[in-house]
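# Structural overview for review
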Amino acid sequence: MAFDQNNAQTKQREQHEKLADTAKANLNNATEQGKQFADAAREGLNKMTDLREQATESTKQVVQRSVETAAQQAREAADRFTRTLGFSGEDSERLARQSKQNLEAVTRCGTVLTQAFQDASRSWFGLAQRQFQRNLEGMNKLVHAKSVQEFAAIQSELVRDGLQHIVQDSKAITEASARAVDEASKTFSNVAQTR
């Protein structure tokens, strides 16, 4: 009977060891898959960063060309208008100077707003990158949780931190955008004051 008991205990121990080995293998497999996912996600994020930078530069060039073209066309139209109406002397110079100031203000404003758009775009993309990285780190913490309670605590902390970062980053982006709008507004105010 002792032999049967030892035999049963040995079988039970072997089953526990097999279960432990299987659980360990599954955990190692999940960890490896998590690492592969993180690597693939980082690679995708880097590619998205490159594409965003290319798109930002292209947008900047298109906006600058559009502003330059509009300014040139406005100058030409002002010159034709002045010649057609027969302004000469002081009136012609005053109108030309006023048109030039207006066009310069539009050009400066366009440049300021283009830069603000690019900065905001970069900031939002940076926010997304940082949040993605925090999510990967959080996922790593969750994978290593030892209990359901630890898992829940980590998860709630990640949610809280994520929202806190979004609020802080959004505030910074909003403040930068407001400064750009103020700068563009000052450009137009300066032109109005010089008349």
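Residues numbered from 1 in each chain as written. Predicted model: local features only at pLDDT ≥ 70, side-chain atom pairs only at ≥ 80, totals over all residues. Heavy atoms only, no water.

### Overview of the overall build of the chain
Using the following cut-off: Put simply, DSSP H or I for four residues or longer makes a helix, DSSP E for two residues or longer makes a strand, and each gets a number counted from the N terminus. We call a residue buried when its accessible area falls under 20% of the maximum for its residue type, exposed when it is over 50%, and partly exposed in between, using a 1.4 Å probe and counting protein chains only. Here a residue-residue contact requires only that any non-hydrogen atoms of the pair lie within 4.5 Å. Surface accessibility in these figures is a Shrake-Rupley result with a 1.4 Å probe; residues are shielded only by whichever protein chains are displayed.
For the chain, the count of helices and strands is 3 helices and 0 strands. When the helices and strands of the chain are listed from N to C terminus, the series reads α-α-α. Within the span of the chain, comprising 195 residues, buried residues form 18% of the whole. Relative to all contacts within the chain whose residues are 6 or more apart in sequence, the contacts with residues 24 or more apart total 82%. For the chain, the computed accessible surface area is about 14,400 Å², with 55% contributed by carbon and sulfur atoms.

### Some details on the side chain of serine 170
What counts is decided by this rule: Polar contacts here mean pairs of N or O atoms no more than 3.5 Å apart (in protein, one a potential hydrogen donor and the other a potential acceptor; neighbouring residues in sequence count only if both atoms are side-chain atoms).
Following the sequence through the fold, serine 170 ends up in helix 3 (residues 148-193). A polar side-chain atom of serine 170 sits 2.7 Å from the main-chain carbonyl oxygen of isoleucine 166.

### Observations regarding a nonpolar patch on the surface
As a reminder, the rule being used: Like charges within 9 Å and nonpolar side chains (Val, Leu, Ile, Met, Phe, Trp, Tyr) within 5 Å are joined into patches, using only residues over 30% in relative accessible area that form no salt bridge. A side-chain nitrogen of Lys or Arg and a carboxyl oxygen of Asp or Glu constitute a salt bridge if their distance falls within 4 Å.
Nonpolar side chains collect at one region of the surface, where Val159, Leu163 and Ile166 lie side by side and expose about 270 Å² of accessible area between them. Looking at the element boundaries, leucine 163 is found in helix 3.

### Overview of the pattern of salt bridges
For the structure shown, the criterion picks out 3 salt bridges. A salt bridge links arginine 130 to aspartate 169, with the nearest nitrogen and oxygen atoms 3.3 Å apart. A residue pair is termed long-range when its members are at least 10 positions apart, and arginine 130 in helix 2 (residues 89-143) and aspartate 169 in helix 3 qualify at 39 residues. Residue aspartate 169 is classed as buried on the basis of its relative accessible area of 17%. Among the salt bridges present, the one from aspartate 161 reaches arginine 160, with a minimum N-O distance of 2.8 Å. A relative accessible area of 51% places arginine 160 in the exposed class.

### Notes on the nonpolar core
The condition is simple: In this description, a nonpolar core means a group of buried Ala, Val, Leu, Ile, Met, Phe, Trp, Tyr and Cys residues linked to one another through side-chain atoms lying within 4.5 Å.
By size, the foremost hydrophobic cluster in this structure holds 5 residues: Cys109, Val112, Ala116, Ala180 and Ala184. Broken down by secondary-structure element, the contributors of at least two residues to this core are helix 2 and helix 3. Element by element, the count of residues in this core is highest for helix 2, at 3 residues.

### Side note on the confidence of the model for the chain
The condition that has to hold: Along the chain, pLDDT gives the predictor's confidence residue by residue, from 0 to 100.
Taken over all residues, the pLDDT of the chain has a mean of 76, while the share at 70 or more is 76%. When the elements of the chain are averaged for pLDDT, helix 1 (residues 2-85) gives the smallest value, 72, and helix 3 the largest, 82.

### Comments concerning the environment of glycine 110
Topologically, glycine 110 is positioned in helix 2. Residues glycine 110 and glutamate 68 lie 42 residues apart in sequence; the distance between their C-alpha atoms is 9.7 Å.

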